[in-house]
Amino acid sequence: MPASFSAVVAKLTGVNIIVVLAGLVSGPILARALGVDGRGVYASVVVPMTIAPGLLGLGMTAFFTREASRGTPTRLLVGSVGPLYIAGGIVAGIFAHPLARLLAQDNHTAQRLLVIAFWAMPVFIIGLGVIAVANGHQEWNRVAAARLVPPVVAMIGLPVLAVTHHVTLASAVVLAMVAGFLAPAPVLLRRVRARSPQFSRAMAVAALRYGSAAWLWQVASTTNARLDQLVMTPLASSRQLGLYAVAITYASLPALFVGAIGQAIMPKVGAMGLHSAPRIVRTTLLLTSVTSIGLAAAAPFLIPVVYGGEFSGSVIPVLVLLPSGVLGTLLNVLTPAMLAAGRPRVTAVAEITSAVVTVGTLFSLVPIFGATGAALASLLATLPSGLILLRSAAKEAEVSPLRFVVPTTDDVRALVAQLMERGRPASQP
């Protein structure tokens with residue numbers, strides 16, 4: 001019997017909590033060992049390495065999840081869409097050297113690490129596809145295990161490197177690569193026993209049609225989510241990038257449950273339709289707002305204690321990024337819902353609109369305000385895409401947009417009941 005939606009969200013949220021706890025171990029080690037400048041250079045390598053697989057996957061990850069949730073055989077997906085994944089990875093290798101020089105500027109160590117990462121892209125891309133299929137099949141235990149692999153590797157590896165005095169830019173990046181390679185292992189333990197791949201021309205054509213729109217969304221979404229850190233490399237100092245990297249980490253804490261809900265809602269909407277989404281979105285907005293207020297109040301005290309006094313400059317960007325995260329809830333939940341409903345073009349239009357705002361505001365604000373300017377750009381860019389998605393989702397579900405954003409008393413009661421149920425000890429037999 002499939003697990004209830006709330007049980008799935010609780011499981012994935014638990015995973016995200018472990019990820020955050022792992023980050024509380026690995027993050028301060030990196031910050032203190034590399035310093036503000038070194039932490040900025042680390043971000044200039046790891047951020048491109050992290051976002052490239054999604055971009056080079058040509059929008060196929062969302063297609064995998066949607067089709068798997070609708071019962072399409074795995075062998076058909078792998079045989080028809082897998083070659084497109086491999087092609088994306090080859091493109092990364094071809095352009096590895098010029099991309100590394102562009103992104104790493106004059107840091108030769110960072111350039112070499114980026115070249116290695118780009119040549120390894122086929123492995124990262126295939127791993128995303130494997131996990132996407134498991135997500136569509138709602139194999140939540142395997143998905144959760146795959147999600148836990150990278151932070152656990154970092155939580156174990158970085159303290160070992162710290163104790164042996166080997167925390168360097170190169171060792172930290174190599175550890176992140178190893179964690180990425182190992183991520184799909186819990187899913188592959190089953191998938192390697194799957195039947196032989198089968199090619200279908202119709203499936204490949206459908207994937208390209210869906211993927212072209214989903215890829216535009218992916219590019220624009222990545223622009224909105226990560227361009228700030230990429231742009232800061234040439235426009236601001238490494239110190240400002242280091243401060244912003246810590247601010248992003250802290251301000252993303254509400255994603256503990258938002259990310260879980262976004263991941264769980266896609267197969268649900270794929271199987272049941274968009275009318276199942278409004279209450280989920282309302283409840284998520286409520287949770288995000290309450291959590292963000294608490295994090296804003298604690299930021300001036302927690303950031304210097306956890307990361308060190310030299311990162312106190314991250315507090316102001318955090319106070320700007322937290323409201324942006326509340327608005328971003330609409331994107332993080334409605335986007336997978338619209339993708340599952342077969343509306344990738346709407347998500348693409350929303351993100352492209354926001355990307356235009358992102359680019360304009362970043363180039364005008366970052367040179368003047370540094371990390372705080374990047375945070376302001378994020379806040380200004382979130383609003384238009386959220387409004388476009390909200391209007392389109394309401395039209396698709398044939399309800400008022402307010403149904404997606406205004407919590408009801410029943411929502412609050414149900415949420416409190418769920419939290420109390422989760423916190424109550426199991427009854428004894």
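Details of the structure are given in the entry above.
To start, this report covers the structure provided alongside it. (Residues numbered from 1 in each chain as written. Predicted model: local features only at pLDDT ≥ 70, side-chain atom pairs only at ≥ 80, totals over all residues. Heavy atoms only, no water.)

1. Overview of the packing of helix α11 (residues 238-251) against helix α16 (residues 371-397)
Thought 1: Contact geometry of α11 with α16 gives a least axis separation of 8 Å together with a crossing angle of 50 degrees. Regarding the angle of α11 to α16, the classification is oblique. Counted together, Q240, L243 and Y244 of α11 and A371, A374, A375 and S378 of α16 form the full contact between these two elements.
Thought 2: Residue composition of the contact of α11 with α16, by class: five nonpolar, two polar and no charged. (Axes fitted to C-alpha atoms, helices over the stretch in contact; angles between N-to-C directions. Helix = DSSP H or I, 4+ residues; strand = E, 2+ residues; numbered from the N terminus. Parallel < 35°, antiparallel > 145°, perpendicular 65-115°, else oblique. Contact = heavy atoms within 4.5 Å. Nonpolar A, V, L, I, M, F, W, Y, C, P; charged D, E, K, R; others polar.)

2. Let's talk about the environment of V357
Thought 1: Note that V357 resides in helix α15 (residues 344-369).
Thought 2: Classification of V357 as partly exposed rests on a relative accessible area of 27%.
Thought 3: Each C-alpha atom, one on V357 and one on A377, is 7.8 Å from the other, the two residues being 20 residues apart in sequence.
Thought 4: When near neighbours in sequence (up to four residues on either side) are disregarded, V357 contacts L380, A381 and P384. (Buried < 20%, exposed > 50% of the residue type's maximum accessible area, 1.4 Å probe, protein only.)

3. Quick notes on the packing of aromatic side chains
Think of a pair of aromatic rings as described by two things: how far the centres are apart, and how the planes are tilted against each other in angle.
Thought 1: Inspection of the entire model under this criterion finds two aromatic pairs.
Thought 2: Judged by centre distance (4.9 Å) and plane angle (15 degrees), the ring pair of F124 and F181 falls under stacked. With F124 in helix α6 (residues 121-136) and F181 in helix α8 (residues 169-182), this pair connects stretches of sequence that are 57 residues apart.
Thought 3: Given a relative accessible area of 35%, F181 falls into the partly exposed group.
Thought 4: Look at Y307 and F311: their rings are 6.3 Å apart centre to centre, the planes differ by 55 degrees, and that puts the pair in the tilted class.
Thought 5: Among the residues examined, Y307 registers a relative accessible area of 8% and is labelled buried. (Phe/Tyr/Trp six-rings, centres within 6.5 Å; stacked < 30°, edge-to-face > 60°.)

4. Considerations on the pattern of salt bridges
Thought 1: The final tally for this structure, using the stated rule, is two salt bridges.
Thought 2: Note that E67 is salt-bridged to R66, the shortest N-O span being 3.5 Å. Accessibility assignment for this pair places E67 and R66 in one class, buried.
Thought 3: One salt bridge in this structure joins E396 and R343, with 3.2 Å as the shortest N-O distance. With E396 in helix α16 and R343 in the loop between α14 (315-340) and α15, this residue pair connects regions lying 53 residues apart in the sequence.
Thought 4: For R343, a relative accessible area of 34% gives the class partly exposed. (Salt bridge = Lys/Arg side-chain N within 4 Å of Asp/Glu carboxyl O.)

5. Overview of the side chain of S80
Thought 1: Examined against the element boundaries, S80 turns out to sit in helix α3 (residues 74-94).
Thought 2: Of note is the side chain of S80, whose polar atom sits 2.9 Å from the backbone nitrogen of S200.
Thought 3: The residues touching S80, leaving out its near neighbours within four places in the chain, are Q198, F199, S200, M203 and A204. (Polar contact = N/O pair within 3.5 Å; in protein donor to acceptor, adjacent residues only side chain to side chain.)

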